[in-house]
Amino acid sequence: MATDETPQPEKKPEQPETEQSQDQEHGPAGRRPMPPESPGVSERADADEATQAQEPDSTGHKKDKGADSSTPDAVAEDGSAARPKSGRERLVASLWPPRLTRAQLIVALLLFILGLGLAIQVRSTSDSSALRGARQEDLVRILDELDNRSQRLTDEQRRLEGQKTELANSSDQAEEARKQTVEKEQQLGVLAGTVAAQGPGINLTIDDPAHSVEADKLLDTIQELRAAGAEAIQVNDVRVVANTSLSDVRGGVGIDGKRVTQPYRFKVIGKPEDLEPALNIPGGVVQTLEKEQAKVSVTREKKIIVDALREAKRPDYARSSSQ
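About the cut-offs
- Residues numbered from 1 in each chain as written.
- Predicted model: local features only at pLDDT ≥ 70, side-chain atom pairs only at ≥ 80, totals over all residues.
- Heavy atoms only, no water.
- Pairing = 2+ DSSP bridges.
- Helix = DSSP H or I, 4+ residues; strand = E, 2+ residues; numbered from the N terminus.
- Axes fitted to C-alpha atoms, helices over the stretch in contact; angles between N-to-C directions.
- Contact = heavy atoms within 4.5 Å.
- pLDDT = per-residue confidence, 0-100.
- Core = buried A, V, L, I, M, F, W, Y, C linked by side-chain atoms within 4.5 Å.
- Buried < 20%, exposed > 50% of the residue type's maximum accessible area, 1.4 Å probe, protein only.
- Parallel < 35°, antiparallel > 145°, perpendicular 65-115°, else oblique.
- Left-handed = near helix turned anticlockwise from the far one by under 90°.

This next bit is on the sheet that holds strand S5 (residues 252-255). Ordered in space as S4-S5-S6, the 3 strands form an open sheet in which the pairing is antiparallel. Each end of this open sheet is capped by a strand with a single partner; those strands are strand S4 (246-249) and strand S6 (258-260). For this sheet the average axis-to-axis angle between neighbouring strands, irrespective of direction, equals 35°. Where S5 meets S6, 3 bridges bridge the pair, whose relative direction is antiparallel. Within the sheet, the bridge partner assigned to Val-253 lies in S6 and is Val-260. Running over the sheet, helix H8 (residues 215-227) touches S4 and S5 and is turned about 155° from S4.

A few words now on the confidence of the model for the protein. Per-residue pLDDT for the protein has a mean of 75; in total, 68% of the residues score no lower than 70. Contacts for the low-pLDDT stretch residues 15-30, under 50 throughout, to residues beyond four places or in other chains number 6 contacts. Across residues 58-73, where pLDDT falls below 50, the model places 15 contacts with residues more than four positions away in sequence or in other chains.

Moving on, we come to the nonpolar core. Among the nonpolar cores identified, the biggest contains 29 residues, and Ile-206, Leu-218, Leu-225, Ile-233, Phe-266 and Val-268 are the most heavily contacted of them. The element best represented in this core is H8, accounting for 4 residues. Grouped together as the second largest cluster of nonpolar side chains are 5 residues, Ala-197, Ala-232, Ile-269 and Ile-304 included.

Another aspect to go through is the packing of helix H6 (residues 136-169) against helix H9 (residues 272-280). When two helices pack together, their arrangement is given by the angle between their axes and by how far apart the axes lie. Two numbers describe how H6 lies on H9: the axes approach to 10 Å, and their chain directions differ by 135°. Compared by their axis directions, H6 and H9 come out oblique. For H6 against H9, the interelement crossing comes out left-handed. When H6 is examined against H9, the residues Arg-141, Glu-145, Asn-148 and Arg-152 are found in contact with a partner set consisting of Asp-274, Pro-277, Ala-278 and Asn-280.

If you want it as structure tokens, here you go:
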């Protein structure tokens, strides 16, 4: 007898419960934690990160840990990104404002005092440079001039002491006093320019084509001649006395209100051996005038005549106390 066999669907085998439990355990909620790293590995990682943070990049700046290349290093006051400072700006920022210590201030003060002392020393040395650079014969000439001046003063002192002795020892003191008075009057007349004078001396000529010699240069010349023992001086046709004044005028020099033009001719009575060396000493009158592009000539003469006179003025109020 035949039977109908109907095929039945196959049943999938069921997974064991153990596998499902394992999947649940390995899921997100049931995942097991990783085992901790060893201490030596973590320390090496930290050291590598610190080294990378301290190493400068290609622009010279150190990398900051965790810094992003897209993040600006600094932000300006207005919120915009500030550019990095250049090397010059960092140098200026390190030098200004200056940070001085007390030791640096003391050293600076000592250096200032030393420099001031050196400047004073150089200036005092330059003042005597004319004598330092002089030749031996020039120095001998200067010493002779000083000795001559001292000798003249000594002779004048002896002369005055001799007159005093003559007045004290003379039997006729009135006659002796009158005689000395006449001699003194002649001497004072020469000095005052009221009488003519003659004697040995020098002729001094100053040719000034560039018109660079002014009144002060002629005054220095007169003063140097007087210091060398000049007893009578005449410039062109003007007598020079103690109260003579000089001034600059157009085209020349004014002497006591009279215009004198170049060449300036000096007639000087005195000892030629004293007058000429006094003008030619290093740094003296001749060298000073030559620096002004003037031509100077000095000649000794056995006889010089000074004939320019000044009017003798009688004082209005002063009278001799002997009257």
